[in-house]
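As a plain string of letters, each chain reads:
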Amino acid sequence: MSSALTDLFPHPIVQAPMAGGVSVPHLAAAVAEAGGLGFLAAGYKTADGMYQEIKQLRSLTSRPFGVNLFMPQPEYADPGAIEIYAHQLAGEASWYETELGDPDSGRDDGYDTKLAVLLDNPVPVVSFHFGVPSRDVIDSLHRVGTFTLVAATTPEEALAVERSGADAVVTQGIEAGGHQGTHRDIPENDGTGIGLLSLIAQVRETVSIPIVAAGGIMRGGQIAAALAAGASAAQLGTAFLATPESGANAVHKQALTNPLFVRTELTRAFSGRPARGLVNRFLREHGPYAPAAYPEVHHLTSPLRKQAAASGDAQGMALWAGQGHRMARELPAGRLVEVLAAELDAAKTALSGKGDLR
């Protein structure tokens, strides 16, 4: 990987930016202090909310960190389908004694304003999800000294990332928890994503920019496998979700290893865009009928999810999690980075023939 990025953090471990209040400053700071790259998630926050978290993080650590932005979404949702889904959710609103949210609450997530803040107050790294920023945006971030990452789920998307001038691509495998970072939301492609190791290999033969691997990684040995496949670093989300510094709801953390939740699925039930979560009642009942309408469905279900969380009802929450969720460890975030780094070193030694492969 370009030394411009590797010089920022000693261990090839990136804490994924998890929107919705999970990737809080204390989590990012703990990861950064331990030698990884901590991330804040600007998604679903106001520009000022993002700025205040950046200020707080800077008060907690002097080490480099990143901020993730959601790309604005095109308007292609069917209003009729959204209205039908709202009718289907009426029972949920009654059960949780709340109103459904306004599906027309905004499409761009305050993108331009957040970008302006990051240009006026540069951070070491900015990453993008749900699409590719323009060359002008990438160039403007480069001018203020910011390293840029963009998510991709296919070799074709990775090529678009390279052509944008971004410094590196985050290759997101189908195993990943939370939202798939597809550049275009095509319902016909649901469930056809590529597994991480295969994706790394294909992207490595398609682009020359560095790769950050993401998707279901929970152990140092998996990081070693991703590096061997051609990645330069690994991004972990679910692994950090269970840490005490994570801002995730306690019910969400407990569900990761709760035997009641045996598997994950990609669903549109909560947001209208494919996202991987633990299979619960809400996902089973509404996933088959949820329309391709992001962020309209996200806004629509937001009050339901908040009420479910407030009442401790895991069956009504969006329990985002990768396929390796049962391997979650309740370690402090800094300690988790240390353990992952030690596991990575052990795996490298074993692969070099100097250690025990068991």
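Residues numbered from 1 in each chain as written. Predicted model: local features only at pLDDT ≥ 70, side-chain atom pairs only at ≥ 80, totals over all residues. Heavy atoms only, no water.

Draft legend 1. Structural detail: the overall build of the protein. Counting its regular elements, the protein contains 15 helices and 11 strands. Scaling as 2.2 N^0.38, a compact globule of 358 residues should have a C-alpha radius of gyration of about 21 Å, and the protein matches this with 19 Å. Taken as a whole, the protein presents about 14,600 Å² of accessible surface, with 51% of it coming from carbon and sulfur. Taken together, the 27 basic and 37 acidic charged side chains of the protein have centroids lying 7 Å from each other. (Helix = DSSP H or I, 4+ residues; strand = E, 2+ residues; numbered from the N terminus. Rg over C-alpha atoms; globule rule 2.2 N^0.38 Å. Areas by Shrake-Rupley, 256 points an atom, 1.4 Å probe, with all protein chains shown as cover. Lys, Arg positive; Asp, Glu negative; His and termini not counted. Charge placed at Lys NZ, Arg CZ, Asp CG, Glu CD.)

Draft legend 2. Layout of the packing of aromatic side chains. Taken as a whole and assessed by the stated rule, the structure comprises six aromatic pairs. For the ring pair Phe270 and Trp320, a centre distance of 5.6 Å and an interplane angle of 85° mean the geometry is edge-to-face. Of this pair, Phe270 sits in the loop between strand E10 (264–267) and strand E11 (275–278) while Trp320 is found in the loop between helix H14 (296–310) and helix H15 (333–351), placing the two residues 50 residues apart along the sequence. Exposure remark for Phe270: the relative accessible area of 2% places this residue in the buried category. Put simply, the rings of Tyr44, Phe70, Phe130 and Tyr294 touch in pairs and so form one group of aromatic residues. (Phe/Tyr/Trp six-rings, centres within 6.5 Å; stacked < 30°, edge-to-face > 60°. Buried < 20%, exposed > 50% of the residue type's maximum accessible area, 1.4 Å probe, protein only.)

Draft legend 3. Quick peek at the sheet that holds strand E8 (residues 211–214). What the eight strands build is an open sheet, ordered E1-E9-E8-E6-E5-E4-E3-E2; its pairing is parallel. The strands lining the two open edges of the sheet, one partner per strand, are strand E1 (13–15) and strand E2 (38–41). With strand direction ignored, the average angle separating the axes of adjacent strands in the sheet is 25°. As paired strands, strand E3 (residues 65–70) and strand E4 (residues 125–129) are joined by five bridges and run parallel to one another. Paired with Leu69 across the strands is Phe128, a residue of E4. Against the sheet, helix H6 (residues 111–120) contacts E3 and E4, and its axis sits at roughly 160° relative to E3. (Pairing = 2+ DSSP bridges. Axes fitted to C-alpha atoms, helices over the stretch in contact; angles between N-to-C directions. Contact = heavy atoms within 4.5 Å.)

Draft legend 4. Just the pairing of strand E9 (residues 233–236), in detail. With burial as the criterion, each face of E9 is covered, one bearing Ala233 and Gln235 and the other bearing Ala234 and Leu236. When E1 meets E9, the two strands line up parallel, connected through three bridges. Its bridge partner being in E9, Ile13 is matched across the sheet by Ala234. Looking at chain direction, E8 and E9 are connected through three bridges and run parallel. By the bridge assignment for E9, Ala213 is matched with Ala234. With respect to chirality, the unit in which E8 leads through helix H10 (residues 220–229) into the neighbouring parallel E9 is right-handed. (Right-handed = clockwise from strand over helix to strand, strands pointing away.)

Honestly, that's just the spatial picture; any functional story needs more than this.
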